[in-house]
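Summary of the model geometry
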Amino acid sequence: MKIRLENRCYHSDMKNSFSILPGKSTLMNIVIRSFLIVVMLNTFSSCKKFLDIDSPNDVNSDHVITSGDGLISARIGMYNSLQSDAYYGGYFPLMIDAYSDNGAAGGYDSPQLNQFNDKSLGADNIFIDNFWVAAYNAVYTANQILANVDAIEDPSLMDEVRSDVKGEALTVRAMAHFDLLRTFGEHWDVNSNLGIPLVLDATDPLQARGRNTVQECYDAILADLNNALVLVSNDDVEAGDGSKTPAYITQYFVNGLLARVYLYMQDYENASVKAAGVINDDIFIVVNNPALIYTTKLSSESIFELQFNVQDQSQYNNLTYVRGDALRVDVSFLANENLHEFFLNRPGDVRAASVDFDPEHNDGSIQPDGRTEKYRGEETKDNSAYIMRISEMYLIAAEAKGVSGGGVDDLNALRHNRGLGDLFPEDFDTPEAFMNTVQDERRAELNFEGHRYFDLARIGKVSEVIGESVLPVFPIPVNQITASGGAITQYPGY
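What counts and what doesn't
Residues numbered from 1 in each chain as written. Predicted model: local features only at pLDDT ≥ 70, side-chain atom pairs only at ≥ 80, totals over all residues. Heavy atoms only, no water. Helix = DSSP H or I, 4+ residues; strand = E, 2+ residues; numbered from the N terminus. Buried < 20%, exposed > 50% of the residue type's maximum accessible area, 1.4 Å probe, protein only. Contact = heavy atoms within 4.5 Å. Areas by Shrake-Rupley, 256 points an atom, 1.4 Å probe, with all protein chains shown as cover. Pairing = 2+ DSSP bridges. Patch = residues over 30% accessible without salt bridge, like charges linked within 9 Å, V, L, I, M, F, W, Y side chains within 5 Å. Salt bridge = Lys/Arg side-chain N within 4 Å of Asp/Glu carboxyl O. Phe/Tyr/Trp six-rings, centres within 6.5 Å; stacked < 30°, edge-to-face > 60°. Lys NZ or Arg CZ within 6 Å of the ring centre and 35° of its normal.

Along its length, the protein chain carries 18 helices and 8 strands. Here the protein chain holds 494 residues, and 61% of them are scored as buried. Long-range pairs, those at least 24 residues apart, make up 70% of the contacts in the protein chain between residues at least 6 apart in sequence. Here the protein chain has roughly 18,500 Å² of accessible surface; of this, 49% comes from carbon and sulfur atoms.

Below you can see the structure in the form of structure tokens.
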């Protein structure tokens, strides 16, 4: 029997099928759920066209990653883990911006949401607990692929497919570890002991794992990404005019992720080289109308986005817009009044249209806050997760190069398409002045895409911008500390 698979398959009960199993530790639950993702893919019947393969129903679930078909199913399960509601399905990027001067919380009178609004996160917050589980679920799913991919003996499995999937798994593991590090660890200090637990194998799920050092975390992340570079291909990318179809991770994304990681490490030389490499390939193009990014699947700016559809919707619209006449109680994550003031001081910046503070468009209960316009589409609610765009590469290159290295030119390349005039090196008296300008451009460009809080943390301005009592990392969820038997230590101050 043949079925047709896209980069995701769809099952109405998928997101409700992986609840915590009684009597199991958190790590064991993650492993069980990761395995269930792969096994359940064998039962999907409502899949859309992308690849023709033999039905995974023909593969015994106990040996699901011992064949080419099993590997393809596992690959889909891995991307599905990234699309969890708690991860890139909506909550992760939005809660990061909500805990900055970009965002505010609405919703019903929920103590969990109010912690974001009040900038007073606690270790009992369900949203950060769910993210922790979802991110490590992606790690474990990638680890299962990595533990089995080289041993598959199947003449129908092409070498290039095996190589691609292995490289994609390494990239997913690196990205999930990096997302965890910048959320829960002192990512700005390579000499810090406060990293996150690294999970680099698919065995011994009950082992209590404490924090690795930040340097150990970066070493593992960089090793995975550099190994992935020689494995993944760019076969899914055709041109920079919107006709590309990067359903999966490509070398362009791996290099872009390396640029992002190096920037966080303050390794500006490597950050500049990696970002410039993606830019100079001329595959991805900054659009003149930013609205096209958010109303078009895989715009020319998109280096890597996770796509959703009407059968399998993301949570972005439900969490940020809902409908035209929504009340504050309907919208979980709002645009902070401070973001409105920020754009009022940037005349001509077309990105101001990405947020709506107009009282004629928003119910009075929402004011003085507003709503992001990036995740409209109330009918389909299939908004993509914009994990990396070419605009970010220009911003990374600018910050890494600085004024003396030509960073102003990279800022201008973006500003030309955002309604703003040129900047000049002589406009900046100090490196700090240029850094402030870069961060303003990042805020204007990347708001509600999950960057602002991390940016403030890595440049040491969380307390200055958000509040004196606000810490630069999230608390480790208390459930995870308990599950580890105390092996994981809480961040000082929580």
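We are not done yet, so read on.
In terms of residue burial, strand E4 (residues 302-306) counts as a mostly covered element, since 5 of its 5 residues are buried. The pairing of E4 with strand E8 (residues 385-389) spans 4 bridges and is antiparallel. Bridging from a neighbouring strand, Leu-306 pairs with Ala-385 of E8.

Before going further, it helps to examine a nonpolar patch on the surface. Together, Tyr-108, Leu-327 and Val-329 make up a nonpolar patch on the protein surface, roughly 290 Å² of accessible area in all. Relative to the assigned elements, Tyr-108 resides in the loop between strand E3 (103-105) and helix H4 (111-117).

Applying the stated criterion to the full structure yields 30 salt bridges. A salt bridge links Arg-328 to Asp-369, with the nearest nitrogen and oxygen atoms 2.9 Å apart. Highlighted residues: Arg-328 in the loop between helix H11 (316-320) and strand E5 (333-335) and Asp-369 in the loop between strand E6 (355-356) and strand E7 (371-372), separated in sequence by 41 residues. Put simply, Glu-445 and Arg-389 hold a salt bridge, and the shortest N to O gap is 2.9 Å. On the criterion of sequence distance, the pair formed by Glu-445 in helix H15 (residues 431-446) and Arg-389 in strand E8 is long-range, its members being 56 residues apart.

Further remarks concern the packing of aromatic side chains. Overall, the coordinates contain 29 aromatic pairs when judged by the stated rule. When the ring of Tyr-91 is compared with that of Phe-127, the centres are 5.3 Å apart and the planes differ by 20 degrees; the resulting orientation is stacked. Taken together, the residues span a long stretch of sequence, with Tyr-91 in helix H3 (residues 91-98) and Phe-127 in helix H5 (residues 126-148) at a distance of 36 residues. For the pair Phe-131 and Phe-184, a centre-to-centre distance of 6.0 Å together with 20 degrees between the ring planes defines the contact as stacked. Separated by 53 residues along the polypeptide, Phe-131 in helix H5 and Phe-184 in helix H6 (residues 159-184) bring together distant segments of the chain. Considered together, Phe-131 and Phe-184 belong to a single accessibility category, that of buried residues. The ring of Tyr-321 is capped by Arg-376, whose NZ or CZ atom sits 3.9 Å from the centre of that ring.

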